[in-house]
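Chain by chain, the residues:
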Amino acid sequence: MKEFAGKSASATLGAWLMIAAGTALAQTSAPATHASDARAMEKFARERNCMTCHATDRTLLAPSYRAIAKRYAGQTGAAEEIARSIADGSHGKWGSIPMPASPQVAPDEAARLARWILGMAR
């Protein structure tokens, strides 16, 4: 076989196939990672008592996370506004029932929750 930059053509082809296989494997495992991250965030929301009033896909005492995500989808500063509502509470955004402040949620946790909620708009 003809050599290419000091390697045989079959060795070069083999290396490219390994790279392609690794890329394909990484792409197929990404959704599983995303799914496990989503489960972890839902568990976290339960631990912080968020799921007492909210659910991912239906209205309880408060709007579903999907409804929140759809309302804020594509808006500049949406994650910051949602995180602020989580931390400080809000009133009048979704009707007459106010959302109480969440002192049990640290600011970085509120930001993570907000990004998780916004991810449900997809």
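Computed from a prediction, not measured in an experiment: that's the story for all the values here. (Residues numbered from 1 in each chain as written. Predicted model: local features only at pLDDT ≥ 70, side-chain atom pairs only at ≥ 80, totals over all residues. Heavy atoms only, no water.)

Engineer: Honestly, the nonpolar core in this entry has me stumped. Any pointers?
Structural biologist: Nonpolar side chains tend toward joint burial in soluble globular proteins. Core analysis: the biggest nonpolar cluster contains 20 residues, and A45, Y65, I82, I86, L113, W116 and I117 have the highest contact counts within it. Within the residue set of this core, elements represented by two or more residues are α1 (9-47), α2 (65-72), α3 (78-88) and α4 (107-118). Of the residues forming this core, the biggest block, five residues, is contributed by α4. For I117, the residues in contact, after removing those within four places along its chain, are Y65, I68, A69, I82 and I86. (Core = buried A, V, L, I, M, F, W, Y, C linked by side-chain atoms within 4.5 Å. Buried < 20%, exposed > 50% of the residue type's maximum accessible area, 1.4 Å probe, protein only. Helix = DSSP H or I, 4+ residues; strand = E, 2+ residues; numbered from the N terminus. Contact = heavy atoms within 4.5 Å.)

Engineer: What exactly am I supposed to notice about unusual backbone geometry here?
Structural biologist: Negative phi is the rule for most residues except glycine; trans is the rule for most peptide bonds. Despite not being glycine, N49 shows a phi value in the positive range, around 70°. Position of N49 relative to the elements: it lies in the loop between α1 and α2.

Engineer: So what exactly am I meant to see when it comes to the packing of α3 against α4 here?
Structural biologist: Relative orientation and spacing of two packed helices are given, respectively, by the angle between their axes and the distance between those axes. Close contact between α3 and α4 brings their axes to 8 Å; oriented N to C, the two are set at 125°. By the criterion of interaxial angle, the relationship of α3 to α4 is oblique. In this structure, the crossing between α3 and α4 has a hand that is right-handed. Seen from α3, the contacting residues are A78, A79, I82, A83 and I86; seen from α4, they are A110, A111, L113, A114, I117 and L118. Partitioning the contact of α3 with α4 into residue classes produces 11 nonpolar, no polar and no charged. (Axes fitted to C-alpha atoms, helices over the stretch in contact; angles between N-to-C directions. Parallel < 35°, antiparallel > 145°, perpendicular 65-115°, else oblique. Left-handed = near helix turned anticlockwise from the far one by under 90°. Nonpolar A, V, L, I, M, F, W, Y, C, P; charged D, E, K, R; others polar.)

Engineer: Explanation requested: the packing of aromatic side chains in the structure shown.
Structural biologist: Given two aromatic rings, their pairing is described by the distance between the two centres and the angle made by the two planes. Tallying each qualifying case throughout the model produces one aromatic pair. It is R71 that lies over the ring of W94; its NZ or CZ is 3.6 Å from the centre. Looking at R112, its charged tip hangs above the ring of F44, at a distance of 5.0 Å from the centre. (Phe/Tyr/Trp six-rings, centres within 6.5 Å; stacked < 30°, edge-to-face > 60°. Lys NZ or Arg CZ within 6 Å of the ring centre and 35° of its normal.)

Engineer: Would you mind showing me how to read the packing of α2 against α4 here?
Structural biologist: Two elements in contact, α2 and α4, have axes separated by 8 Å at closest approach and are oriented at 85°. The pairing of α2 with α4 is recorded here as roughly perpendicular in orientation. Residues Y65, I68, A69 and Y72 of α2 form the contact with α4, whose participating residues are W116, I117 and L118. Per-class residue counts for the contact of α2 with α4 are seven nonpolar, no polar and no charged.

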